[in-house]
Amino acid sequence: MKKKFLSLLSISLITILLISLAQAEEVELTSASGDVEVLLSGENDYTPAEEGMKLEAGDAIRTPSGSTAEISFNDDNTNLARLSENTQARILLENEEKIYMASGEIFSSVSNLGGGSFEIRTPTAVSGARGTDWVTSVTSEGTEVEAIDSQPYVRHMESDGSISRQITVINPGQMTTVQLFKPPQPFRQIPQGRRENWQALKQDVRKRGVDAVQKRRERPVFNRQEFVERKRSGGPQGVYS
């Protein structure tokens, strides 16, 4: 009887763990403004995105000029990434690395990681945090990381293509640039107006995240296969089955 109880307990704990992991890795497009497009893994063409759709590892998203998108990485929408216009990114979900950004700019606001980190990979570095607000940009100079509040960190790429184990913590209100195969440059101050703009934007992003939770409860559950088939056939847009 004791062995049977322990066995049932183990199964229950494993089930809870798997459910928790699945919830932690849930990715939802909570907001899309303008002509946001997605390229789902296994498909050949980009297609217009829809708010509320779920994204998986390998899916790509791009925001042309005048477009923005916001993505949630947990069920209560407290871990959010906002893609500015002219951004190209891909969902990774490789442990702590959540997004690969090839170009553009992402504002990240995370507060519920359960002890882990949230990281964004770029062609020259990895930026991350355990709960804060920061901006990661890919420029002609490399990767820029701005500490809006608290202290995000950055790790540079080594000459062999691996990511350095050296962690550089950035102080609030400061920023750095990471060039290819080089450690982060000396910190410099974020222009005050720019920092204030990001702090104000955080409130808007958070509010839309809260609103998206309610919208999720009201709309039909997203069906990925039906979405793909509808797009291929040119069917009606914005309808979940």
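What counts, and where the lines are drawn
Residues numbered from 1 in each chain as written. Predicted model: local features only at pLDDT ≥ 70, side-chain atom pairs only at ≥ 80, totals over all residues. Heavy atoms only, no water. Helix = DSSP H or I, 4+ residues; strand = E, 2+ residues; numbered from the N terminus. Buried < 20%, exposed > 50% of the residue type's maximum accessible area, 1.4 Å probe, protein only. Contact = heavy atoms within 4.5 Å. Core = buried A, V, L, I, M, F, W, Y, C linked by side-chain atoms within 4.5 Å. Phe/Tyr/Trp six-rings, centres within 6.5 Å; stacked < 30°, edge-to-face > 60°. Lys NZ or Arg CZ within 6 Å of the ring centre and 35° of its normal. Salt bridge = Lys/Arg side-chain N within 4 Å of Asp/Glu carboxyl O.

Colleague: Break down the environment of Ala60 for me, citing the residues and quoting the values.
Modeller: Residue placement: Ala60 occurs in strand S4 (residues 60-63). Ala60 gets classed as buried once you look at its relative accessible area, which sits at 11%. What Ala60 contacts, discounting residues up to four positions off in sequence, is Glu37, Val38, Leu39, Tyr46, Ala89 and Arg90.

Colleague: Provide a residue-level description of the nonpolar core, including the pertinent values.
Modeller: Membership of the largest hydrophobic core comes to 33 residues, with the highest contact counts inside it found for Met53, Leu55, Ile61 and Ile71. Contributing elements (two or more residues each) for this core: strand S5 (68-72), strand S6 (79-83), strand S7 (87-94), strand S8 (97-110), strand S9 (118-121), strand S10 (125-129), strand S12 (142-149) and helix H3 (224-233). Looking at which element gives the most residues to this core, the answer is S8, with four residues.

Colleague: Can you tell me about the packing of aromatic side chains, naming the residues and giving the values?
Modeller: Scanning the model with the defined rule gives four aromatic pairs in all. Aromatic pair Phe222 and Phe227: ring centres 5.6 Å apart, planes at 55°, arrangement tilted. Like Phe227, Phe222 is buried. Taken together, Phe73, Phe118 and Trp134 form an aromatic cluster joined through their ring pairs. Above the ring of Tyr46, the side-chain terminus of Arg62 is found at 3.7 Å from the ring centroid.

Colleague: Residues and numbers for the pattern of salt bridges, please.
Modeller: Under the definition given, this model contains 18 salt bridges. Residues Arg62 and Glu37 are paired through a salt bridge, measuring 2.7 Å at the closest nitrogen-oxygen approach. Of this pair, Arg62 sits in strand S4 while Glu37 is found in strand S2 (residues 37-39), placing the two residues 25 residues apart along the sequence. The residue Glu97 makes a salt bridge to Arg121 at a minimum N-O spacing of 2.9 Å. In this pair, Glu97 is assigned in strand S8 and Arg121 in strand S9, connecting sequence segments 24 residues apart. Linked by salt bridges that have partners in common, Glu28, Asp75, Arg216 and Arg219 make up one network.

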